[in-house]
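Residue-level listing of the chains:
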Amino acid sequence: MAVVGDLALMGTKITTPNKLIGKLEKRVFGVPISFSPKFSFSHNKSRTAIKAVMQIEKIQSSSELKGSLKEGSLLGFDVVSERELKEKGFLGLRKTKLVCTIGPACCSLDELEKLAIAGMNVARLNMCHNSREWHQDVIRKIQKLNEEKGYSVSIMIDTEGNQIQVVDHGSSSSVKAEEDSIWYFTTEKFEGSRPFTIQANYEGFSEGVNPGDEIVIDGGMATFEVIERVGNDLRCKCTDPGLLLPRAKLSFWRDGKLLGRDYDLPTLSTKDWSDIVFGISEDIDFIAVSFVKDADAIKHLKDYLASKSSKAIKVLAKIESLESLHRLEEIVEASDGIMIARGDLGVEIPLEQIPSVQEDITYVCRQLNKPVIVASQLLESMVEYPTPTRAEVADVSEVVRQYADALMLSGESAIGSYGMKALSVLRTTSTRMEQSCREESRQTLLHQRKLGVSLPDQIAEQICNCAVEMADNLGVDAIFVYTRHGKMASLLSRNRPNPPIFAFTNDNSTRMALNLQWGVTPLLTDLSDDMEGNVKKTVELIKAKGMMKKDDAILVVSDIIPISTARAIFQSIQVMTIT
Ligand SMILES: Nc1ncnc2c1ncn2[C@@H]1O[C@H](COP(=O)(O)OP(=O)(O)O)[C@@H](O)[C@H]1O
Ligand SMILES: C=C(OP(=O)(O)O)C(=O)O
Ligand SMILES: [K+]
Ligand SMILES: [Mg+2]
């Protein structure tokens, strides 16, 4: 092992909170802001091109994977990443992470294992559906697979939240509303179904709604015009016929604009809190909070988690309302990550605004260094059909081109007949788009929109920016980072480097959180204060497993704070070639 370049910085932490708030104002609906490029990134194309030769997709059976389990665990690799690395080499590792919603179609141990093998990084449990026992059973099955078979699938619960919707009568059938038919929207409780009657779940649903206003179902499935108010109820005429599904969402419009009404419902309901307590006791990794309005609920939940759980459970804010878009930066700042929940977002903003809003949210997340998941209807047609539409593949490709951290399946995996196929479409589509982004050096475009130094810890940010510039210019095979809390790994990921990032950590919750981070392969390992020792040990292990060969180059970034030397922080970049 020879050190060919060494840049070390030793010193105390400098904190200059150069906040983005304000600078980013108006990103969502307003004027585009242009930024001067701070760094010019180029990279050794010929080298990457040779290594990026497309590999044929092949999923290993679980019995084939089992063989590598024991060796892999020595190095902290999960079985899927290890196999992918052995087969495809460093550049062949997929960067975009995959989230699958678990439902009745994929909840057996066998089906969950198949999803894990096929690349599921995070399993999402939507607490809107099914029983506590069902969720517990799924969580335990995933944990069993992780522990006994060497997978590394993180678990996310997604809260039900408070929203105005049609009461679910338990029947899965939908009702058709015909043009000009007259309907009652009521909160009166009744069993089963009543003709031309829609039961809303919240008493105050009609407050402030006037005759002439419009009620839009599920973002456009059907539309009604309010004719008159009868007590709390609304008598309406169907102006745009369509389907009323169980639990359909209601939104209210006046003169073509959403009626912003403060229902005074808390972001986290009593049921949500009880689901959160359940999640903590089941050792889950992420909580996705539905219908976030501002940063307060996120801060409150994070404080609560800090007091109740020794583990760092990550809190993701779901952006799915107009209100959350208006307070985007404060929500992104307060949370550990974002889900762009396009399903409900499409109920609140015109559909044609979703693509640009998605791009803007992704951009803000990258600036503030928070992972972002793009969710809903990525491959919706695959709930029913075994192939995606061309438009869906184009949508998925665009998300990957925007460098989102993760893609999510909802109904496709939860209830669809082709969940495995849908996951495979996400995998192959993202791998292909990642390759062409590398070939086009698209990260340079990202850097043209860069704000420069912006995060509170400037040393860490600068080290990681420079490290990625070096890694790309030199065409190194991998970036190694040694990190306790994952911060350095995320700052490297933020720069979307060509080589994969191997994040060595001794903290299992850091490992599970990094499963959501673009381009990061987290590895659980012992870390000592002796950085040289850590590097040497991990490189030797990877070499011994035949994953690295002579002349391979790695770039090593570390920010280990030696416990013995009180407060000094040692942060460095080293480049090594394997001899
Ligand atoms: N745990 C579950 N149990 C039963 N059905 C589920 C579960 N999770 C999801 N589903 C089904 O999959 C569909 C898509 O999931 P998702 O998008 O998460 O929910 P929603 O449609 O409520 O927004 C749901 O409408 C529901 O029919
Ligand atoms: C992901 C979403 O949330 P849920 O499926 O919980 O409605 C969404 O609305 O897109
Ligand atoms: K939900
Ligand atoms: Mg939603």
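Residues numbered from 1 in each chain as written. Chains lettered and ligands numbered in written order. Predicted model: local features only at pLDDT ≥ 70, side-chain atom pairs only at ≥ 80, totals over all residues. Heavy atoms only, no water.

- By the naming in an unreviewed UniProt entry, the protein goes by Pyruvate kinase and is assigned to Anisodus acutangulus.
- According to the UniProt record, the Sequence similarities (unreviewed entry) comment for the protein is "Belongs to the pyruvate kinase family."
- According to the UniProt record, the Pathway (unreviewed entry) comment for the protein is "Carbohydrate degradation; glycolysis; pyruvate from D-glyceraldehyde 3-phosphate: step 5/5." (UniProt positions renumbered as here; feature names shortened; annotations may be inferred.)

## Notes on the overall build of the protein
Then comes step 1: The number of helices and strands found in the protein is 20 helices and 23 strands.
Then comes step 2: When each of the 579 residues of the protein is scored for burial, the buried share is 58%.
Then comes step 3: Pairs at least 24 residues apart make up 72% of the contacts formed inside the protein by residues separated by at least 6 positions.
Then comes step 4: Entry remark: accessible area of the protein is about 23900 Å², with carbon and sulfur atoms responsible for 53%. (Helix = DSSP H or I, 4+ residues; strand = E, 2+ residues; numbered from the N terminus. Buried < 20%, exposed > 50% of the residue type's maximum accessible area, 1.4 Å probe, protein only. Contact = heavy atoms within 4.5 Å. Areas by Shrake-Rupley, 256 points an atom, 1.4 Å probe, with all protein chains shown as cover.)

## Topic: the site of ligand 2
Then comes step 1: Close to ligand 2 lie Arg124, Asn126, Lys318, Glu320, Met339, Ala341, Arg342, Gly343, Asp344 and Ser376.
Then comes step 2: A distance of 2.7 Å separates an oxygen atom of ligand 2 from a polar atom in the backbone of Gly343.
Then comes step 3: The side chain of Ser376 places a nitrogen or oxygen atom 2.5 Å from an oxygen atom of ligand 2.
Then comes step 4: Within the complex, the protein chains bury 88% of what would otherwise be the 290 Å² of accessible surface of ligand 2.
Then comes step 5: Those elements giving two or more residues to the shell around ligand 2 turn out to be β3 (122–126), β16 (337–341) and α11 (342–348).
Then comes step 6: Examining the composition of the shell around ligand 2, we find that 3 residues originate from one element, α11, more than from any other.
Then comes step 7: Grouping the amino acids of the shell around ligand 2 by side-chain chemistry returns 2 nonpolar, 3 polar and 5 charged. (Near = heavy atom within 4 Å. Polar contact = N/O pair within 3.5 Å; in protein donor to acceptor, adjacent residues only side chain to side chain. Nonpolar A, V, L, I, M, F, W, Y, C, P; charged D, E, K, R; others polar.)

## Brief notes about the packing of aromatic side chains
Then comes step 1: Scanning the entire structure with this criterion turns up 11 aromatic pairs.
Then comes step 2: Ring geometry for Phe90 against Phe502: centres 5.8 Å apart, planes inclined by 80°, an arrangement best described as edge-to-face. In this pair, Phe90 is assigned in the loop between α4 (79–88) and β2 (97–101) and Phe502 in strand β20 (residues 501–505), connecting sequence segments 412 residues apart. Taken as a pair, Phe90 and Phe502 share a single burial class, namely buried.
Then comes step 3: Ring geometry for Phe480 against Phe504: centres 5.1 Å apart, planes inclined by 65°, an arrangement best described as edge-to-face. Taken as a pair, Phe480 in strand β19 (residues 478–482) and Phe504 in strand β20 lie far apart in primary sequence, 24 residues in all. By the burial criterion, Phe480 is buried, and Phe504 matches it.
Then comes step 4: One aromatic cluster is present, formed by Phe77, Phe90, Phe480, Tyr482, Phe502 and Phe504 through successive ring pairs. (Phe/Tyr/Trp six-rings, centres within 6.5 Å; stacked < 30°, edge-to-face > 60°.)

## Examining the nonpolar core
Then comes step 1: Ranked by internal contacts, the top residues of the largest apolar core, which has 76 residues, are Ile102, Leu125, Ile287, Ile338, Ile361 and Leu379.
Then comes step 2: What Leu125 contacts, discounting residues up to four positions off in sequence, is Ile102, Trp134, His135, Val138, Ile139, Ile155, Met156, Ile157 and Asp158. (Core = buried A, V, L, I, M, F, W, Y, C linked by side-chain atoms within 4.5 Å.)

## Description of empty space enclosed by the protein
Then comes step 1: Inspection of the entire model under this criterion finds 9 cavities of 30 Å³ or more.
Then comes step 2: By volume, the largest cavity amounts to about 250 Å³.
Then comes step 3: Forming the boundary of the largest cavity are 20 residues, of which Asp78, Ser81, Glu84, Arg94 and Asn121 lie nearest the centre.
Then comes step 4: Residue composition of the lining of the largest cavity, grouped by class: 8 nonpolar, 7 polar and 5 charged. (1 Å grid on protein atoms, 1.4 Å probe; cavity = no way out; pocket = protein on both sides within 12 Å on 5 of 7 lines; lining within 4 Å. Points joined across faces, edges and corners; volume = space filled by probe spheres on them.)

## Let's talk about a negative patch on the surface
Then comes step 1: On the surface, a cluster of negative charge is made up of Glu179, Asp180, Glu214, Glu225 and Asp240.
Then comes step 2: The residue Glu214 is located in strand β8 (residues 214–217) in this model.
Then comes step 3: Taking the relative accessible area as the measure of exposure, Glu214 reaches 32% and is therefore partly exposed. (Patch = residues over 30% accessible without salt bridge, like charges linked within 9 Å, V, L, I, M, F, W, Y side chains within 5 Å. Salt bridge = Lys/Arg side-chain N within 4 Å of Asp/Glu carboxyl O. Lys, Arg positive; Asp, Glu negative; His and termini not counted. Charge placed at Lys NZ, Arg CZ, Asp CG, Glu CD.)

## With respect to helix α17 (residues 458–474)
Then comes step 1: The terminal C-alpha atoms of α17, which comprises 17 residues, lie 24 Å apart, in line with the 24 Å expected from a rise of 1.5 Å per residue.
Then comes step 2: Turning to α17, its buried residues are Ile459, Ala460, Glu461, Ile463, Cys464, Asn465, Ala467, Val468, Ala471 and Asp472.
Then comes step 3: With its phi angle positive at about 65°, Gly475 sits one or two positions after the end of α17. (Expected span 1.5 Å × (residues − 1).)

## Considerations on the coordination of the potassium ion (ligand 3)
Then comes step 1: Coordination of the potassium ion (ligand 3) by the protein involves Asn126 (OD1), Asp158 (OD) and Thr159 (O), with metal-donor separations of 2.7 to 2.9 Å.
Then comes step 2: Summarised as a motif, the one-chain spacing of the donors to the potassium ion (ligand 3) is N-x31-D-T. (Donors = N, O, S within 2.8 Å, 3.2 Å for Na, K, Ca; no water.)

## Digging into unusual backbone geometry
Then comes step 1: Unusually for a residue other than glycine, Asp218 sits at a positive phi of about 45°.
Then comes step 2: If you trace the backbone, Asp218 turns up in the loop between β8 and β9 (222–230).
Then comes step 3: Here the phi dihedral of Asp551 falls at roughly 75°; this positive angle occurs in a residue that is not glycine.
Then comes step 4: By secondary structure assignment, the location of Asp551 is in the loop between α20 (531–544) and β22 (553–558).

## Notes on the packing of helix α13 (residues 390–401) against helix α15 (residues 419–439)
Then comes step 1: Between α13 and α15, whose axes approach to 9 Å, the crossing angle comes to 50°. The angle between α13 and α15 falls in the class oblique. Between α13 and α15 lies a crossing whose hand is right-handed. Residues Val393, Val396, Ser397, Val400 and Arg401 of α13 touch α15, and the partners they reach there are Val425, Leu426, Thr429, Ser430, Met433, Glu434 and Cys437. (Axes fitted to C-alpha atoms, helices over the stretch in contact; angles between N-to-C directions. Parallel < 35°, antiparallel > 145°, perpendicular 65-115°, else oblique. Left-handed = near helix turned anticlockwise from the far one by under 90°.)

## Here we look at the sheet that holds strand β4 (residues 154–158)
Then comes step 1: An order of β2-β3-β4-β14-β15-β16-β17-β18 is seen for the 8 strands of this closed barrel, with the pairing classed as parallel. Recorded for the sheet is a direction-independent mean angle of 25° between the axes of neighbouring strands.
Then comes step 2: Looking at chain direction, strand β14 (residues 286–289) and strand β15 (residues 314–319) are connected through 4 bridges and run parallel. Considered in β15, the bridge of Ile287 is made with Val315.
Then comes step 3: Each of β15, β16 and β17 (372–375) touches helix α12 (residues 354–367); the most contacted strand, β16, lies at about 175° to it. (Pairing = 2+ DSSP bridges.)

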